[in-house]
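Geometric and topological summary
As a plain string of letters, each chain reads:
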Amino acid sequence: MLAVENLRVVYHDVISVLNGISISLEKGELLVIIGANGAGKTTLLRTVAGMIDFYDGEIIEGDITLDGLSIKGVDTVGIMKHHGLTYVMEDRPVFWYLTIDENLRAAAFSGRGRNVKADMEKAYQYFPPLRGLAKKKAGYASGGEQQMLAIAMALMTQPGILLLDEPSLGLAPLITEGLFAIIKRLNESGISVMLVEQNASAALEIGSRGYVMELGRIVLEGKASELAANKDVREFYLGSGEKARRSYRDAKRYKRRKRWL
């Protein structure tokens, strides 16, 4: 459905961030991408969503195709309206000065939705807490409520593919658990999801397949259950394993000799 092929991206003409990335997202899949800070995960999503130009980035090699058609170079609005791909950024992009209800209505004009009232009702069904806050300004909502709103706004665009960047960032564990359950439901409803997340344990639990990114490269891929059971993934990203308590210096040394590098 969505394919990224040998993608190389640089910032400011000199900073290489993605170094030959190749991944695929199949129709109806919940794909998880994990990796440390600076691995290039957010850059990957920005590039797929057509936003890399805003950050002075440039694709210097490779292609991005959706259902066999190249979307490389297509702007974000075009990708959203004509290809049904919506990107939810990590900083909860909501209009703070508008109410919850107004945010949803504004989002509807960005995508492919035709029945705003029905789409709003559907969004409220997925996120019941927002219904009681419909007339409340988004700036006064909690972090968890704002994250719910950001995803609800994405639903108003009628996405076929949803890119989610660190949706659990800064949220309490209980709220994260509920949010991930909703993401799983959205996927089961037919929306393909590409989830970038540092909470690797929670992400791999709901995902069907995953990739591990290191320094702008894909270093490991497989079924989510296989990655969750992988010794190196468990030690490095899940905080478990027999070496989990070693010193930071030892961890750095171990990282340099990891089998996948």
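Quick summary incoming for the structure in this document. No experiment lies behind these values; they were computed from the predicted model shown.

Basis of the calculations
- Residues numbered from 1 in each chain as written.
- Predicted model: local features only at pLDDT ≥ 70, side-chain atom pairs only at ≥ 80, totals over all residues.
- Heavy atoms only, no water.
- Helix = DSSP H or I, 4+ residues; strand = E, 2+ residues; numbered from the N terminus.
- Rg over C-alpha atoms; globule rule 2.2 N^0.38 Å.
- Buried < 20%, exposed > 50% of the residue type's maximum accessible area, 1.4 Å probe, protein only.
- Contact = heavy atoms within 4.5 Å.
- Areas by Shrake-Rupley, 256 points an atom, 1.4 Å probe, with all protein chains shown as cover.
- Lys, Arg positive; Asp, Glu negative; His and termini not counted.
- Charge placed at Lys NZ, Arg CZ, Asp CG, Glu CD.
- 1 Å grid on protein atoms, 1.4 Å probe; cavity = no way out; pocket = protein on both sides within 12 Å on 5 of 7 lines; lining within 4 Å.
- Points joined across faces, edges and corners; volume = space filled by probe spheres on them.
- Polar contact = N/O pair within 3.5 Å; in protein donor to acceptor, adjacent residues only side chain to side chain.
- Phe/Tyr/Trp six-rings, centres within 6.5 Å; stacked < 30°, edge-to-face > 60°.
- Core = buried A, V, L, I, M, F, W, Y, C linked by side-chain atoms within 4.5 Å.
- Salt bridge = Lys/Arg side-chain N within 4 Å of Asp/Glu carboxyl O.
- Axes fitted to C-alpha atoms, helices over the stretch in contact; angles between N-to-C directions.
- Left-handed = near helix turned anticlockwise from the far one by under 90°.
- Nonpolar A, V, L, I, M, F, W, Y, C, P; charged D, E, K, R; others polar.

Digging into the overall build of the chain
- Counting its secondary structure elements, the chain contains 11 helices and 10 strands.
- Taken over C-alpha atoms, the radius of gyration comes to 19 Å for the chain, in line with the 18 Å a tight globule of 261 residues would show.
- Viewed in the frame of its principal axes, the chain has a C-alpha envelope of about 55 × 40 × 30 Å.
- Classification of the 261 residues of the chain by burial places 51% in the buried group.
- In the chain, the proportion of contacts linking residues at least 24 apart, taken out of those at least 6 apart, comes to 68%.
- Accessible area for the chain stands at about 12,700 Å²; split by element, carbon and sulfur atoms hold 51% of it.
- The centroid of the 34 positive side-chain charges in the chain is displaced by 5 Å from the centroid of its 31 negative side-chain charges.

Description of the layout of surface pockets
- One number sums up the size of the largest pocket: a volume of about 450 Å³.
- Looking at the largest pocket, it is lined by 18 residues, and the ones nearest its centre are M80, Y87, M89, P93 and S110.

So, the environment of Q158
- Inspection of the secondary structure puts Q158 in the loop between helix 6 (143–155) and strand 7 (161–165).
- Its relative accessible area of 32% is what places Q158 among the partly exposed residues.
- In terms of polar contacts, Q158 uses its side chain to reach the side chain of D119, at 2.8 Å.

Quick notes on the packing of aromatic side chains
- By the definition in use, this model includes 2 aromatic pairs.
- Pairing F95 with Y97 gives two aromatic rings, centres 6.2 Å apart and planes at 50°, and the pair type is tilted.
- Taking the relative accessible area as the measure of exposure, F95 reaches 35% and is therefore partly exposed.
- On the basis of an interplanar angle of 70° and a centroid distance of 6.0 Å, the ring pair of F236 and Y237 is categorised as edge-to-face.
- Judged by its relative accessible area of 25%, F236 falls in the partly exposed class.
- Accessibility expressed as a relative area gives 16% for Y237, which makes it buried.

Side note on the nonpolar core
- Core analysis: the biggest nonpolar cluster contains 49 residues, and F127, L162 and L195 have the highest contact counts within it.
- The leading source of residues in this core is helix 6, at 8 residues.
- Once residues within four sequence positions are removed from consideration, F127 is found in contact with M148, I151, A152, L155, L179 and I182.
- Listed in part, the 31 residues of the second largest apolar core include L7, L44, L45 and I52.

Structural notes on the environment of M194
- Take M194: it is sitting in strand 8 (residues 192–196).
- The exposure class of M194 is buried, given its relative accessible area of 0%.
- For the pair M194 and I161, spaced 33 residues apart in the sequence, the C-alpha separation amounts to 7.7 Å.
- When neighbours within four sequence positions are excluded, M194 is seen to be in contact with L2, I23, L25, L31, I33, L45, L162, L163 and L164.

Quick look at the pattern of salt bridges
- In total, this model carries 4 salt bridges according to the counting rule given.
- For the salt bridge of D101 with R105, the shortest nitrogen-to-oxygen distance reads 2.9 Å. Placement of the pair is D101 and R105 together in helix 3 (residues 100–108), with a separation of 4 residues, close to one helical turn.
- By relative accessible area, which is 42% here, R105 ends up partly exposed.

A look at the packing of helix 3 against helix 6
- The interhelical angle for the contact between helix 3 and helix 6, taken along N-to-C directions, is 30°, at an axis separation of 8 Å. Crossing hand, helix 3 versus helix 6: right-handed. Every residue of helix 6 that contacts helix 3 at I100, N103, L104 and A107 is listed here: L149, A152 and M153.
- Split into classes, the residues belonging to the contact of helix 3 with helix 6 amount to 6 nonpolar, 1 polar and no charged.

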